[in-house]
Amino acid sequence: MDMAGTTVHDGGEVPAAFRSALAAHGVGVTDDELAGVRGASKREVIRTLMTRHQPDALPSLVEEVYDEFRAALAERYAAGVRAVEGAEDVFDWLRRRDVRVALNTGFDRTITGLLLDALGWREGVVDAVVCGDEVRQGRPAPYLIFRAMEATGAASVHRVMNVGDTELDLRAGWNAGVGCNVGVTSGAHPRERLARAPHTHLIESVASLPELW
């Protein structure tokens, strides 16, 4: 399962942090631009948007903007983080049935750690957490899912369910060949947009996952 917008409540913190960091360097982005990169590795998003608006931007500037994004996001999350309603109950429901639960995210390990601490999810809540800076390429590449499979001992993609709130989440599931590819409408993208991506199910929230069993 993805984190922000899927299992962690999305209060607009991520796009706000992107806007803040980019605007400090004279880059303005549209709602459509941000919507198109939701679910991607956050460092890759900064690199893509900076290259699009400032083709001559040096790699060092991209890293500077990324660091400012992380700081802006951490400040927003420090004001309060909460789980999507029912998410923790679903984690427990699945694990009691010997279904292993992994979180994967486009955040790096630092931001992810901040979220896990704020939510009390460090130990005993899920079986694995995979971050965007731990794979060679983020979504829509399938590597976050493959790393989650490796971390939980899952050997067959056909027995994997991928759950996310963005088109890129679902495209990553398709590229991984998962048996069940579920979009949730609790986060970044509405049902109409998720419906355009490969999927097996569209539901309102992770709280509805037990119904698929």
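Quick notes on the rules
- Residues numbered from 1 in each chain as written.
- Predicted model: local features only at pLDDT ≥ 70, side-chain atom pairs only at ≥ 80, totals over all residues.
- Heavy atoms only, no water.
- Helix = DSSP H or I, 4+ residues; strand = E, 2+ residues; numbered from the N terminus.
- Buried < 20%, exposed > 50% of the residue type's maximum accessible area, 1.4 Å probe, protein only.
- Polar contact = N/O pair within 3.5 Å; in protein donor to acceptor, adjacent residues only side chain to side chain.
- Pairing = 2+ DSSP bridges.
- Axes fitted to C-alpha atoms, helices over the stretch in contact; angles between N-to-C directions.
- Contact = heavy atoms within 4.5 Å.
- Right-handed = clockwise from strand over helix to strand, strands pointing away.
- 1 Å grid on protein atoms, 1.4 Å probe; cavity = no way out; pocket = protein on both sides within 12 Å on 5 of 7 lines; lining within 4 Å.
- Points joined across faces, edges and corners; volume = space filled by probe spheres on them.
- Nonpolar A, V, L, I, M, F, W, Y, C, P; charged D, E, K, R; others polar.
- Core = buried A, V, L, I, M, F, W, Y, C linked by side-chain atoms within 4.5 Å.

Engineer: Would you mind going over the side chain of D169 with me for this structure?
Structural biologist: For D169, the position within the fold is in helix α8 (residues 167-176). A residue is classified by how much of its surface remains accessible, and D169, at 3% relative accessible area, is buried. Looking at D169, its side chain comes within polar contact range of the side chain of R139, at 2.9 Å.

Engineer: Would you take a moment to explain the sheet that holds strand β5 (residues 201-203) for this structure?
Structural biologist: Across a sheet, strands are paired by hydrogen bonds formed along the backbone, either parallel or antiparallel in direction. Reading across from one edge, β3-β4-β5 is the order of the 3 strands in this open sheet, with parallel pairing throughout. Unpaired on one side and paired on the other, β3 (161-164) and β5 mark the two borders of the sheet. Averaged over all neighbouring strand pairs, the angle between strand axes comes to 20°, with direction disregarded. Note that strand β4 (residues 180-184) and β5 share 3 bridges and pair parallel. Counterpart to V184 in the pairing with β5 is I203. Relative to β4, α8 is tilted by about 180°, and along the sheet it contacts β3, β4 and β5.

Engineer: Whenever I open this one, the pairing of β4 confuses me. Can you help?
Structural biologist: Both faces of the sheet carry side chains from a regular strand, because those side chains alternate between them. Judged by how many residues are buried, β4 sits mostly within the fold: 5 of 5 residues are covered. Across the two faces of β4 the burial is the same, with C180, V182 and V184 and N181 and G183 all buried. Pairing of β3 with β4, which is carried by 4 bridges, proceeds in the parallel orientation. Note that in β4 the partner of M161 across the bridge is C180. Since β3 and β4 lie parallel, the crossover through α8 that links them has a hand, and here it is right-handed.

Engineer: Is there a simple way to explain the layout of surface pockets in this structure?
Structural biologist: Gaps left between atoms are located by rolling a probe of water-molecule size over the structure's atoms. If you add up the space inside the largest pocket, you get close to 670 Å³. Around the largest pocket, the lining is made up of 25 residues, and of these V99, R100, R159, V160 and M161 lie nearest the centre. Those elements that place two or more of their residues in the lining of the largest pocket are β1 (102-104), α7 (143-152) and β3. For the lining of the largest pocket, the element with the most residues is α7, which contributes 4 residues. Taken together, the residues that form the lining of the largest pocket break down as 17 nonpolar, 5 polar and 3 charged.

Engineer: Looking at this structure, I do not really get the nonpolar core. What am I missing?
Structural biologist: Among the nonpolar cores identified, the biggest contains 52 residues, and M1, I46, F69, F91, L103 and W121 are the most heavily contacted of them. When residues of this core are traced back to their parent elements, those giving at least two are α1 (13-23), α2 (31-37), α3 (42-53), α4 (59-78), α5 (87-96), α6 (109-119) and β4. Element by element, the count of residues in this core is highest for α4, at 7 residues. Once residues within four sequence positions are removed from consideration, I46 is found in contact with F18, L22, V62, V65, Y66 and F69. If you look at the next biggest cluster of nonpolar residues, it comprises 7 residues, including M149, V157, A172 and V178.

Engineer: Help me understand the environment of A71, please; the structure alone is not making it clear to me.
Structural biologist: You can see A71 is positioned in helix α4. Sequence-wise, A71 and A17 are 54 residues apart; in three dimensions their C-alpha atoms are separated by 8.4 Å.

Engineer: Which parts of the structure should I look at to understand empty space enclosed by the protein?
Structural biologist: Tallied over the full model, the rule gives 2 cavities of 30 Å³ or more. Roughly 120 Å³ of volume is contained in the largest cavity. Surrounding the largest cavity, 18 residues form its lining, D2, A4, R38, G39 and K42 being those nearest its centre. Of all the secondary structure elements, the ones that give two or more residues to the lining of the largest cavity are α1 and α3. Across the lining of the largest cavity, the residue classes break down as 8 nonpolar, 4 polar and 6 charged. Each pocket or cavity is described by its volume, and for the second largest cavity that value is around 50 Å³. What lines the second largest cavity is simply D2, N104, R139, A141, P142, L144, I145, N162, V163, D169 and A172. Residues belonging to the lining of the second largest cavity are distributed by class as follows: 6 nonpolar, 2 polar and 3 charged.

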